[in-house]
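Coordinates in review
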Amino acid sequence: MKKVIYFFIILLSITLARRDCLKIPVKNALGRSERPDLDTFAISPTGHFYIHYDTTGYDAPSMIDLDENNIPDYIDEVGIIADSSHHVLVNIMGWEEEPFDGDGGYDIYVENLGSGQYGWSYPDIGSTSFLQIHNNYLGFESKFNLTPIQIMRITVAHEYFHGIQWGYEENLGNNAYFYEMTSMWFEDVLIPDGNDYVEYSWTDDLFENPTLAFNNTGRGYELALFGHYLSSFIDDKGKLNAKNSTIIREIWDYYSDSNSNAFNAVRHILENKYNQSFSQIWIDFLSRNLYNGMYSDMNN
């Protein structure tokens, strides 16, 4: 019996990992966030990110430094994928850069977050924010045999997009699912072979309950597939390359400017820019997924 209980504890730590990755930081008496106090930091190759880490102790990443640049290779990798996330989102896809907090670059804190905890995005003063990510991702389960470095990359992409989202709209309300839907969508746009958005129970909330309302299917991770449907099927610009799609950004623009909710923003953009009925689009999306499956020969 104990073994059965232990198994389900492990299973929950895997399937519920990354849930609630939007966090509210602890504030001091002056209203400032109490950020982690780590030993040192490295600056990403473009200078846009400050990556904070410990050199010894529980939170320290591996200190392996094969290129002998006096920065751990793991921290180098964090800086590279963070720069790539910024470049693709801002320079290629046209998103507004995350709000500047007035102090150096955008801050990423590398710590030992515990088993199954991928990372968190913390809104800060105003619309500014910072990230926390795991210091190694060793032992994290992956249906697609992702390496710890690959898991780190999709996590940084996911959480950094949250940082950009805070600049568009920082009042979550009942719209947190939309933040997760679009961050999960972006991590696969940036890293197509990551496939994290279809792992374990990410999609179960949706496909096991297809009659639920769009804005009540789950935490939002399960809707990443709908993000791909919008950017690669509804938006003609993204059919060959999702980076050319603008539909997700258009929805965020309207959500930011309209004082409306995320669902109304989705519906408005579909109806007014793409001449599509949300109801018909939603039914088509669910039908395509529910009446198809995975096969050994995908050319059938």
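Residues numbered from 1 in each chain as written. Predicted model: local features only at pLDDT ≥ 70, side-chain atom pairs only at ≥ 80, totals over all residues. Heavy atoms only, no water.

**A few points about the sheet that holds strand β5 (residues 129–134)**
Within the open sheet, the 5 strands sit side by side as β1-β2-β3-β5-β4. Their pairing is mixed. Where the open sheet ends on each side, the last strands, each with one partner, are β1 (40–43) and β4 (119–123). Neighbour-to-neighbour, the strand axes of the sheet open up by a mean angle of 25°, direction not taken into account. As defined by bridge partners, β4 adjoins β5 across 5 bridges and the pair is classed as antiparallel. Within the sheet, the bridge partner assigned to Gly-119 lies in β5 and is Ile-133. Along the sheet, helix α2 (residues 73–92) makes contact with β1, β2 (49–53), β3 (106–111) and β5, crossing β2 at roughly 150°. Each of β2, β3, β4 and β5 is contacted by helix α3 (residues 148–168), which is oriented at about 15° to β4, the strand it contacts most. (Pairing = 2+ DSSP bridges. Helix = DSSP H or I, 4+ residues; strand = E, 2+ residues; numbered from the N terminus. Axes fitted to C-alpha atoms, helices over the stretch in contact; angles between N-to-C directions. Contact = heavy atoms within 4.5 Å.)

**Points about the side chain of Ser-44**
With respect to the helices and strands, the residue Ser-44 is situated in the loop between β1 and β2. We classify Ser-44 as buried; its relative accessible area is 4%. Contacts of Ser-44, omitting those with residues within four sequence positions, involve Phe-49, Ile-51, Gly-79 and Asp-83. (Buried < 20%, exposed > 50% of the residue type's maximum accessible area, 1.4 Å probe, protein only.)

**Some points on the nonpolar core**
The tendency in soluble globular proteins is for nonpolar side chains to be buried as a group. One finds Phe-186, Phe-214, Phe-226 and Leu-230 to be the most contacted residues of the largest nonpolar core, which totals 71 residues. Per-element accounting of this core gives the leading share, 10 residues, to α3. If you look at the next biggest cluster of nonpolar residues, it comprises 10 residues, including Cys-21, Leu-38, Trp-120 and Met-184. (Core = buried A, V, L, I, M, F, W, Y, C linked by side-chain atoms within 4.5 Å.)

**A closer look at the confidence of the model for the protein chain**
Low pLDDT marks stretches whose predicted atomic positions should not be read closely. Counting all residues, the mean pLDDT for the protein chain is 87, and 86% of those residues have values of 70 or more. For the stretch residues 1–17, pLDDT sits under 50, and the model shows 10 contacts to residues farther than four places along the chain or on other chains. (pLDDT = per-residue confidence, 0-100.)

**Here's the deal with the packing of helix α4 (residues 176–190) against helix α6 (residues 224–234)**
The contact between α4 and α6 brings their axes to 8 Å, and the two run at 65°. In the packing of α4 onto α6, the handedness of the crossing is right-handed. For the pair formed by α4 and α6, the contact residues are Met-181, Met-184, Trp-185, Asp-188 and Val-189 on the first element and Ala-224, Phe-226, Gly-227, His-228, Leu-230 and Ser-231 on the second. (Left-handed = near helix turned anticlockwise from the far one by under 90°.)

**Section: the pattern of salt bridges**
With the rule as written, the count across this model stands at 8 salt bridges. A salt bridge links Arg-35 to Asp-124; the nearest nitrogen and oxygen atoms lie 2.7 Å apart. Of this pair, Arg-35 sits in the loop between α1 (2–15) and β1 while Asp-124 sits in the loop between β4 and β5; the two residues are 89 residues apart in sequence, bridging distant segments of the chain. Under the relative-accessibility criterion, Arg-35 is labelled partly exposed at 22%. The partner of Asp-235 in a salt bridge is Lys-237, and the shortest N-O contact between them spans 2.8 Å. Exposure remark for Asp-235: the relative accessible area of 1% places this residue in the buried category. Overall, Lys-237 belongs to the partly exposed group, its relative accessible area being 41%. (Salt bridge = Lys/Arg side-chain N within 4 Å of Asp/Glu carboxyl O.)

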